[in-house]
Amino acid sequence: MSGVLLRLAGTAAVAAQAVLAPVSAAAVPDPRPSVSAPGAQPAPAAPGAQPSVARLLTDLQRLYRETERATETYNATTEKLERQRAEVARLDEELARARLALRSTRLDAGRLARQQYQSGGGLGPYVRLLLARDPQHALDEGHVIGELARERARTVARLTGAERRQDALARAARKALDTQLGLAARQKRQRDDVRTRLAGVERALAALTADQLAAVARLEEQQVAEAQRELTTAGALPAGDRPAAPAAGAAGAAGAGAAGAAERAVRYALDQVGKPYRWGAAGPDAYDCSGLTSRAWVRAGVAVPRTSQEQWARLTRVPLDRLRPGDLVVYFPEATHVAMYVGDGKVVQAPRPGGKVKVSPLASHPVLGAVRPGAGGRG
């Protein structure tokens, strides 16, 4: 928040009541319940009283956190929607192939039906055998007739199977499309929720004076510095940032490859410093928190989940004192924010609405834990 609030201080001095787009936050109590106390409403300040700097900071941090949580929920739905669209397209293609196969089988069945109709007259095969001058020839002819009968049976079986397959695929395609439409509606609701929360942040910042903005920024910097000192004093941060030495052989080659991917991911993330935060964005012009970390690792050749919650749930956990550059540091109990460790107790992150990608102390937010891409995962 410090960078955001300091940047806004000059603007607030000119027009403290103006809306500072695209940021959105509020110093006044938000009508939504607090994350930390579900169902509770912030206690209103006494009439005419100015809220304390600590209260302003707490309210702003809560609003940012709620907005980021809504953003990550939106991101998760967007990812599911993309997968569902691909599934619908796959089923549509498979259904088209099944319809072509059914049409071909029906043509075969029609041809056999015509042949049977055209040869329907005359004596039956048993009578022809009794009256034949050459019974062996008649038996051979009967074998051919039997093979034709078996071919007809196989054609009928293929026709029945093709019809059943088409029906099953048509039902699956309809169900997949219904799921896609449901996800699209959910995504729209979540998008509207994010926009509403962003508007609340805008109103909050617009209500602050330049002095209040500067005071809140100073208090946040002090809190972050204190949290960073506590982590360092407790030995919770790594003593050095050297990657673990890989063993010899195939394991060593794998370790070296992982280290190289981490270096590429860090380099990519640092190259994005200065680009704006935008909710739902994953580059290349703007990012949200998990958009930055996932894009950096994908560019390094390692697929990671799109959202911070999925990164926390599915990647390999590592203790903070074993961090290596490239590891992802996850924040808040709900795992709603993520940054990339770059060494020396610092992370690179897309901080929040109105901010820009920057390098920050690791303790910029309450730490939940850390995970390591490309290290197996948690299934």
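Counting of residues starts from 1 at the beginning of each chain's written sequence and follows it residue by residue. The predicted origin of the model limits local features to residues at a pLDDT of at least 70 and limits the giving and counting of side-chain atom pairs to 80 or more, whereas totals for whole chains, interfaces and linings rest on all residues. The side-chain quantities take in all heavy atoms of the structure and omit both hydrogens and water.

**Considering the environment of Ala-176**
Item 1. Its location among the elements puts Ala-176 in helix α4 (residues 135-206).
Item 2. A 1.4 Å probe rolled over the protein chains alone gives each residue an accessible area, and that area as a share of the maximum for its type sets the label: buried under 20%, exposed over 50%, partly exposed in between. Given a relative accessible area of 6%, Ala-176 falls into the buried group.
Item 3. For the pair Ala-176 and Ala-86, spaced 90 residues apart in sequence, the C-alpha to C-alpha distance is 10.0 Å.
Item 4. In this analysis, two residues are considered to be in contact whenever any of their non-hydrogen atoms come within 4.5 Å of each other. Contacts of Ala-176, omitting those with residues within four sequence positions, involve Gln-84, Val-88 and Leu-91. Note on conventions: DSSP H or I runs of at least 4 residues are helices, E runs of at least 2 residues are strands, and numbering of each starts at the N terminus.

**Describing the sheet that holds strand β6 (residues 367-372)**
Item 1. Here, any two strands with at least 2 DSSP bridges between them count as paired. One open sheet accounts for 6 strands, arranged β1-β6-β2-β3-β4-β5; its pairing is antiparallel. Looking at which strands have only one partner, the edges of the open sheet turn out to be β1 (316-318) and β5 (358-361). Strand-to-strand, the axes of this sheet are offset by a mean angle of 40°, without reference to chain direction.
Item 2. Here β1 pairs with β6 via 3 bridges, running antiparallel. Counted as the bridge partner of Arg-317 is Val-371 from β6. A fitted line through C-alpha atoms serves as each axis, taken over the contacting stretch for helices, and the angle formed by two N-to-C directions is quoted from 0 to 180°.

**Overview of the nonpolar core**
Within soluble globular proteins, side chains that are nonpolar generally end up buried alongside one another.
Item 1. To form a nonpolar core, buried Ala, Val, Leu, Ile, Met, Phe, Trp, Tyr and Cys residues must be joined to one another through side-chain atoms within 4.5 Å. One finds Trp-297, Leu-328, Met-340 and Val-348 to be the most contacted residues of the largest nonpolar core, which totals 32 residues.
Item 2. Among the elements that make up this core, the one with the highest residue count is helix α6 (residues 249-271) (6 residues).
Item 3. By size, the runner-up hydrophobic cluster in this structure holds 15 residues, among which are Leu-323, Val-347, Leu-362 and Ala-363.

**Section: the pairing of strand β3 (residues 337-343)**
Each regular strand shows side chains that alternate between the opposite faces of the sheet.
Item 1. Extensive coverage of β3 is indicated by the burial of 7 of its 7 residues.
Item 2. Relative to β3, strand β2 (residues 328-331) runs antiparallel, the two sharing 4 bridges. Directly across from Tyr-331, in β3, lies its bridge partner His-337.
Item 3. Connecting β2 to the next strand, β3, in antiparallel fashion are 5 residues, including Phe-332 with a positive phi near 70°.
Item 4. Bridging between β3 and strand β4 (residues 346-349) involves 3 bridges; their strand directions are antiparallel. Counted as the bridge partner of Tyr-341 is Val-347 from β4.
Item 5. Connecting the antiparallel pair β3 and β4 is a turn made up of 2 residues, with Asp-344 showing a positive phi of about 60°.

**Re the environment of Val-348**
Item 1. Along the polypeptide, Val-348 turns up in strand β4.
Item 2. For the pair Val-348 and Leu-328, spaced 20 residues apart in sequence, the C-alpha to C-alpha distance is 9.7 Å.
Item 3. Beyond its immediate chain neighbours, meaning those up to four positions away, Val-348 contacts Ala-269, Leu-270, Val-273, Leu-292, Ala-339, Met-340, Val-342, Val-357, Lys-358 and Val-359.

**A few points about a nonpolar patch on the surface**
Item 1. Taken together, Leu-270, Val-273 and Val-359 make up a surface patch of nonpolar side chains, about 210 Å² in accessible area.
Item 2. Along the chain, Val-359 turns up in strand β5. Like charges within 9 Å and nonpolar side chains (Val, Leu, Ile, Met, Phe, Trp, Tyr) within 5 Å are joined into patches, using only residues over 30% in relative accessible area that form no salt bridge. The accessible surface values rely on the Shrake-Rupley method and a 1.4 Å probe; as for residues, cover is taken only from the protein chains in view. We count a salt bridge whenever a side-chain nitrogen from Lys or Arg sits within 4 Å of a carboxyl oxygen from Asp or Glu.

**Description of the confidence of the model for the chain**
When pLDDT is low, close inspection of the predicted coordinates is not appropriate.
Item 1. Confidence scores labelled pLDDT are given residue by residue by the predictor and lie between 0 and 100. Across the chain, the average pLDDT comes to 76, with 70% of residues at 70 or higher.
Item 2. Note that pLDDT drops below 50 for residues 1-48; the model gives that stretch 113 contacts with residues more than four away or on any other chain.
Item 3. Low pLDDT, under 50, characterises residues 242-252; the stretch is placed with 6 contacts to residues that sit more than four places away or in other chains.

**Topic: the packing of aromatic side chains**
Item 1. In summary, the pairing rule links any two rings of Phe, Tyr or Trp, Trp by its six-membered ring, whose centres are within 6.5 Å, and it sorts them by plane angle into stacked for under 30 degrees, edge-to-face for over 60 and tilted for everything else. Considering all chains together, one arrives at 1 aromatic pair under this definition.
Item 2. When the centroid spacing of 4.8 Å and the interplanar angle of 75° are considered together, the rings of Tyr-74 and Trp-279 count as edge-to-face. Of this pair, Tyr-74 sits in helix α2 (residues 53-118) while Trp-279 sits in the loop between α6 and α7 (289-299), and the two are 205 residues apart along the sequence. Neither residue differs from the other here; Tyr-74 and Trp-279 are each classed as buried.
Item 3. Here, a charge over a ring means that NZ of Lys or CZ of Arg falls within 6 Å of the ring centre while also lying within 35 degrees of the ring normal. When the ring centre of Trp-312 is taken as reference, the NZ or CZ atom of Arg-317 above it lies at 3.6 Å.

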